[in-house]
Number of protein chains: 2
Amino acid sequence: MIRAYAASEPGGELRPYEYDPGPLGAHDVEIDVEYCGICHSDLSMLNNEWGMTQYPFVPGHEVAGRIAAMGEHVSKFAIGDRVGLGWHSAYCNECSSCMAGDQNLCDAVQGTIVGRHGGFADKVRAQASAVVALPDDLPSETAGPLFCGGVTVFNPLLQYDLKPTARVGVIGIGGLGHMALQFLNAWGCEVTAFTSSAAKHAEALELGAHRILDSHDKEALKASAGYFDMILSTVNVALNWGAYMKTLAPKGRLHFVGAVMEPVKVNIMAMMMGQRSLSASPVGSPAVIEQMLSFAVRHGIQPQTELYAMEDVNDAIRHLEHGSPRYRVVLKC
Amino acid sequence: MIRAYAASEPGGELRPYEYDPGPLGAHDVEIDVEYCGICHSDLSMLNNEWGMTQYPFVPGHEVAGRIAAMGEHVSKFAIGDRVGLGWHSAYCNECSSCMAGDQNLCDAVQGTIVGRHGGFADKVRAQASAVVALPDDLPSETAGPLFCGGVTVFNPLLQYDLKPTARVGVIGIGGLGHMALQFLNAWGCEVTAFTSSAAKHAEALELGAHRILDSHDKEALKASAGYFDMILSTVNVALNWGAYMKTLAPKGRLHFVGAVMEPVKVNIMAMMMGQRSLSASPVGSPAVIEQMLSFAVRHGIQPQTELYAMEDVNDAIRHLEHGSPRYRVVLKC
């Protein structure tokens, strides 16, 4: 039996919940959860904002732990190996995207908490191909958030061949954004943090931003017309996207990694004159996660976390929902 | 004096109009116009749809002709050289975009018919850097449309490193689209023509399309879900862009070269799941125009044109506006 925390209805309190996962699949592994980050998408799923939550619902998709059991066809791990698991926990491994190494774009991809039980538990299962080993120098305590929030902001730098000469802006200095600042600084870029929170100015500079732009200051936005080669939006709320589009340099890209539900209206003529792009991407493939982990170790990049005991999961969720955590909340088993 | 055809008000008839261009600029050339294509943007400017037309207005920005005079600092041409001129007729040659070879994205770029007099005339002037020599094997009669419509659809293939293995769709089989089909076929791609005009099916196949997709057939669009690596939209009307977005393969791009004035609404979540992009670009740089001309000669690509005498310019405009020319209307001086 796996001992988890589950909600029985949208927005419901998480309560202890035991389930029998059945026999371990031949290509799957079982992970002893040591730590599990809480991501905004755990909240969105908990509240069934995307209409695809199944109850009882066990959140948790930023897992760091150890291999506890392996299916008969799994050979890449040994029992006790330190590993991580993110948003995706299984791929078809047959479609064009999988074959091209873009497993995160697999049509039949399975989400760790979509129709499956996640990592707010003592154990979690996943296909071995979706599980990535932790490098020796990466502490388990802070590794979890890299597997969803981290790779989500790291992946676009690789996907779009971002050059270290680029000027990059990050919208939203929170769970994702605070990792984006660190990655971009280490990538060699000129990094601007867009934030309306004065409290975060000094922190953003410490995390790697070279410049702060108050996103509520319309004049400051205007003064940055034509400036950025890339803007990474990590927020999930509607902003004045047209104003941000104008801050893009020729060939600039406004890239969404935050799950904005409202349609975004774009002015084609404004994009055309500067050959600008708008794009969006989800997490990253296992190979990209592996590259990110090496990069993070080499550059001393870690998520800043606040630790809660797993049994205090409801307090931790309230803190993420209503507080202003610095920056990622992590549960300890 | 230059003898041109000008409108004195929005949508007005073109009438003979003479003007004195003054002394020739040191970096400019004067071109004896032999042929000049008519582009939809000539109509948009004639009707002041973009709010930037100055009257008297001389349209014409798809010029093929010969060098008639050169400013003192121009050395790259000789009198009598066959050349072409497109949408842009001067660059600042100093800004970052110009220095990077992206003169078409220059902030201070001058349009051939924006605050200047265009090619519906016996002569037209432009900065030498915006004028490109015609290869020997390229007939002047059909060269003009390559300089605006042609490079507009050719440029994105270069800008986005389109691979010959790509599946590409073209929306709108008209002045731009009929050149796009030819370029894409020669580029090695699998080419689909989106058209609702049954009359154009056979023609599209002859121009280079491998497949036809009736854009009014909702079921056919649905059946193409996840298919295209790139869709080039050459139309300037609002379509159901969400439906086209769904036909994009993972990492696919919906690219606009047609001047759509209505805001385009995009669903970020739908783009995100497949790492899709939306982008737009204007014409191309002189270096790209030169590459396009060589490519066109090598592959026997030419615009299909209908020829009118310059003095019949109003008939020609009416034909473009209300008829269904195959495919580009060209005026002969």
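This text goes with the structure placed above it.
Residues numbered from 1 in each chain as written. Chains lettered and ligands numbered in written order. Predicted model: local features only at pLDDT ≥ 70, side-chain atom pairs only at ≥ 80, totals over all residues. Heavy atoms only, no water.

Undergrad: Help me out: how do you make sense of the overall build of chain A in this one?
TA: Along its length, chain A carries eleven helices and 18 strands. Overall, the C-alpha framework of chain A stretches about 60 × 40 × 35 Å when taken along its three principal axes. Residues classed as buried in chain A amount to 57% of the 333 residues present. In chain A, 66% of the contacts between residues at least 6 apart in sequence involve partners at least 24 apart. Placing the 24 positive and 35 negative side-chain charges of chain A at their respective mean positions leaves the two points 9 Å apart. (Helix = DSSP H or I, 4+ residues; strand = E, 2+ residues; numbered from the N terminus. Buried < 20%, exposed > 50% of the residue type's maximum accessible area, 1.4 Å probe, protein only. Contact = heavy atoms within 4.5 Å. Lys, Arg positive; Asp, Glu negative; His and termini not counted. Charge placed at Lys NZ, Arg CZ, Asp CG, Glu CD.)

Undergrad: Got a minute to help me understand the nonpolar core in this structure?
TA: A general trend in soluble globular proteins is that nonpolar side chains are found buried together. Core analysis: the largest hydrophobic core is formed by 89 residues, its most contacted members being A:Phe120, A:Leu162, A:Leu181, A:Phe183 and A:Leu184. For this core, the domains that each give at least three residues are domain 1 (2-148 + 284-295 + 302-332) and domain 2 (151-280) of chain A. For A:Leu184, the contacting residues outside a window of four places in its chain are A:Leu157, A:Leu162, A:Val168, A:Val170, A:Cys189, A:Val191 and A:Leu232. B:Ile31, B:Leu46, B:Val168 and B:Leu184 belong to the second largest nonpolar core, which has 88 residues in total. (Core = buried A, V, L, I, M, F, W, Y, C linked by side-chain atoms within 4.5 Å. Domains from an automatic or database assignment.)

Undergrad: How should I be thinking about the interface of chain B and chain A in this particular structure?
TA: The figure often quoted for interface size is the accessible area lost as the parts come together. Contacts between the two partners involve 34 residues from chain B, matched on the other side by 34 residues from chain A. When chain B packs against chain A, the two sides together hide about 2,800 Å² of surface, and 63% of this comes from carbon and sulfur. It is B:Ile268, B:Met272 and B:Gln275 in chain B that bury the most area against chain A; as a group they hold 22% of the surface buried on that side. Taken together, the connections running from chain B to chain A amount to two salt bridges. Two residues, B:Asp102 and A:Lys251, come together in a salt bridge whose shortest N-O distance is 3.0 Å. At the junction of chain B and chain A, the tally comes to twelve residue pairs in polar contact (both at pLDDT 80 or more). Those elements that place two or more of their residues in the side of chain B that touches chain A are helix 4 (149-159), strand 14 (248-256), strand 15 (264-266), helix 9 (268-273) and strand 16 (277-280) of chain B. With five residues, helix 9 of chain B is the largest single contributor of residues to the side of chain B that touches chain A. Among the residues forming the side of chain B that touches chain A, the class breakdown is 20 nonpolar, nine polar and five charged. Pairing between strand 15 (residues 264-266) of chain A and strand 15 of chain B: three bridges, direction antiparallel. Bridging from a neighbouring strand, A:Val266 pairs with B:Val264 of strand 15 of chain B. (Buried area = accessible area lost by both parts, 1.4 Å probe. Salt bridge = Lys/Arg side-chain N within 4 Å of Asp/Glu carboxyl O. Polar contact = N/O pair within 3.5 Å; in protein donor to acceptor, adjacent residues only side chain to side chain. Nonpolar A, V, L, I, M, F, W, Y, C, P; charged D, E, K, R; others polar. Pairing = 2+ DSSP bridges.)

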